[in-house]
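Commentary on secondary and tertiary structure
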Amino acid sequence: MSEHNSTEQHSSEQHTETILAGLDPNIVRMYKKDDAGQLIFREAWVDAGGAGETDGEGDGENEGVFFVVNHGTVGHISTSKDAPVATLEEAEAMLAAFTAQCLEDGFAVLERSQQSLVVAQFALKSSRVSDRDKHLASRAKDSLTAHLAWRGSGILEKYEFGPAPHGLGKLNIYIVAPDAARAVANIKVCIRDEKLDFTKLTVATGPIDDPSALRAKHSATGGTAFSL
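Let me begin by describing the structure that accompanies this report. Please read all numbers here as calculations on a predicted model, not as lab measurements.

**Considerations on the overall build of the protein**
A tally of helices and strands in the protein yields 3 helices and 10 strands. Mapped from its N terminus to its C terminus, the protein presents α and β elements in the order β-β-β-β-β-α-β-α-β-β-α-β-β. In the protein, which comprises 228 residues, the proportion classed as buried is 39%. Across the protein, the fraction of contacts at a sequence separation of at least 24, relative to all contacts at a separation of at least 6, is 62%. Accessible surface, the protein: about 12400 Å² in total, of which carbon and sulfur atoms supply 50%.

As structure tokens, then:
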């Protein structure tokens, strides 16, 4: 998975973190357009967090294995259902059957190259990364990861701190989105609801591998100019 490579050498205060949440290769996630032209999605995974754990009662080898299915219209809260499964092998077989059924129903995996790049950018008071900035990044990462995932509208790929003109700073959160407009709308709602410096937020969209083509779809000024 390629990432944006900055052409500038920023100060030692810059920090970049790859976000692994949502990038689990064991999740099967597929999309298609319904008869009304709306993008819908299905996804499934095996939750085996408790498998092999024991509490002193029984062998515990197959406790806590679940097969989870989630589906909905991209941009809207989805419906999720989990079912306990006797063995991990059975759950994996169910995942394979789910994949086959999705393909039969016309769903397909969207490769990264088929999606859009969306960047949620926060203006910061200084190029020096403060504890408050790190807290903002952590909260925004956690909030956006969950909010977008349950709506099928984007996966957080990484975030980074960088300098801005006049000694200011910025926090960029990179999102891979199947529908850029839906992702922008969801991001705005999430950041506002979580009270995460909404007035400092700019959201831009563009081709997945051309950050120079990013254009603001939401900003405090209402303009479309944008720079990472």
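**Some details on helix α1 (residues 88–104)**
Given a rise of 1.5 Å per residue, 17 residues ought to cover 24 Å, and the 25 Å separating the end C-alpha atoms of α1 matches this to within 8%. Residues Ala 91, Leu 95, Phe 98 and Cys 102 constitute the buried set of α1. For α1, the angular spread of the buried residues around the axis is 60°, confining them to a single face. Of the residues in α1, the exposed ones pointing more than 90 degrees away from the buried face are Glu 89, Leu 103 and Glu 104.

**Some remarks on helix α2 (residues 131–149)**
Taking 1.5 Å of rise per residue, the 19 residues of α2 would be expected to cover 27 Å, and the 27 Å separating its terminal C-alpha atoms lies within 8% of that figure. Turning to α2, its buried residues number three or more, namely Asp 133, Leu 136, Ala 137, Ala 140, Lys 141, Ser 143, Leu 144, Thr 145, His 147 and Leu 148.

**Considering the environment of Asp 142**
Topologically, Asp 142 is positioned in helix α2. Between the alpha carbons of Asp 142 and Leu 156 there is a distance of 9.6 Å; along the sequence they are 14 residues apart.

**Some remarks on the environment of Thr 199**
Tracing the backbone through its elements, the reader meets Thr 199 in the loop between α3 (180–193) and β9 (201–207). Thr 199 gets classed as exposed once you look at its relative accessible area, which sits at 63%. Separated by 76 residues in the primary sequence, Thr 199 and Ala 123 place their C-alpha atoms 9.0 Å from one another.

**Overview of the packing of aromatic side chains**
Going through the model one piece at a time under the given rule, you end up with 3 aromatic pairs. Geometrically, the ring pair formed by Phe 67 and Phe 98 is edge-to-face, given 6.4 Å between the ring centres and 70° between the ring planes. With Phe 67 in strand β4 (residues 66–73) and Phe 98 in helix α1, this residue pair connects regions lying 31 residues apart in the sequence. Each member of the pair, Phe 67 together with Phe 98, is buried. Taking 6.2 Å as the distance between ring centres and 85° as the angle between the ring planes, the aromatic pair formed by Tyr 159 and Phe 161 counts as edge-to-face. Note on Phe 161: relative accessible area 2%, which makes it buried. Above the face of the Tyr 174 ring, Lys 158 is positioned so that its terminal group lies 4.8 Å from the ring centre. Stacked on the ring of Phe 198, the Lys or Arg Arg 192 has its end atom at 4.3 Å from the ring centre.

**Quick look at the pairing of strand β2 (residues 28–33)**
Bridge count between β2 and strand β3 (residues 39–47): 6 bridges; the pairing is antiparallel. What sits directly across from Met 30, in β3, is Arg 42. Here β2 folds back onto β3, and the loop between the two strands holds 5 residues, one of which, Gly 37, carries a positive phi near 85°.

**Structural notes on the sheet that holds strand β5 (residues 79–84)**
Sheets are built from strands that pair by backbone hydrogen bonding, the pairs being arranged parallel or antiparallel. With antiparallel pairing, 4 strands are arranged side by side in an open sheet as β2-β3-β4-β5. Each edge of the open sheet carries a strand with a single partner, namely β2 and β5. For this sheet the average axis-to-axis angle between neighbouring strands, irrespective of direction, equals 15°. As paired elements, β3 and β4 share 8 bridges and run antiparallel to each other. Counted as the bridge partner of Glu 43 is Asn 70 from β4.

**Some words on the side chain of Glu 43**
Counting through the fold element by element, Glu 43 comes out in strand β3. In this structure the side chain of Glu 43 is engaged in a polar contact, spanning 2.8 Å, whose partner is the side chain of Arg 29. Here the side chain of Glu 43 touches Asn 70 through a polar contact of 2.8 Å, side chain to side chain. Beyond its immediate sequence surroundings of up to four residues, Glu 43 is in contact with Ile 27, Val 28, Arg 29, Val 68, Val 69, Asn 70, Phe 98 and Ala 149.

Rules and cut-offs
- For every chain, the first residue of its written sequence is number 1, and the numbers climb from 1 along that sequence.
- Local features in a predicted model are, by the rule used here, given only for residues with pLDDT of at least 70; side-chain atom pairs are given and counted only at 80 or more, and totals for whole chains, interfaces and linings are based on all residues.
- Hydrogens and water are ignored here; the side-chain numbers use all heavy atoms of the structure.
- A run of H or I in DSSP becomes a helix once it reaches four residues, and a run of E becomes a strand once it reaches two; helices and strands are each numbered from the N terminus.
- Each residue's exposure class comes from its accessible area (1.4 Å probe, protein chains only) as a fraction of the maximum for that residue type: buried when under 20%, exposed when over 50%, partly exposed otherwise.
- The contact rule is simple, with two residues in contact once any of their heavy atoms fall within 4.5 Å.
- All accessible areas in this document rest on Shrake-Rupley with a 1.4 Å probe, and a residue is counted as covered only by the protein chains that are shown.
- Helix span is expected to be 1.5 Å times the residue number reduced by one.
- Here the arc refers to the set of directions running from the helix axis out to each C-beta atom.
- Pairing of aromatic rings covers Phe, Tyr and Trp, the last through its six-membered ring, and needs centres within 6.5 Å; plane angles under 30 degrees mean stacked, over 60 mean edge-to-face, and all others mean tilted.
- In this analysis the charged atom, NZ for Lys or CZ for Arg, is taken to sit over a ring once it is within 6 Å of the ring centre and within 35 degrees of the ring normal.
- DSSP calls a pair of strands paired once it identifies at least 2 bridges connecting them.
- Note on method: axes are straight lines fitted to C-alpha atoms, helices fitted across the in-contact stretch only, with angles between N-to-C directions ranging 0 to 180 degrees.
- Throughout this description, a polar contact denotes any pair of N or O atoms lying within 3.5 Å of each other; where both atoms belong to protein, one of them has to be capable of donating a hydrogen while the other can accept it, and for residues adjacent in sequence the pair is counted only when both atoms sit in side chains.

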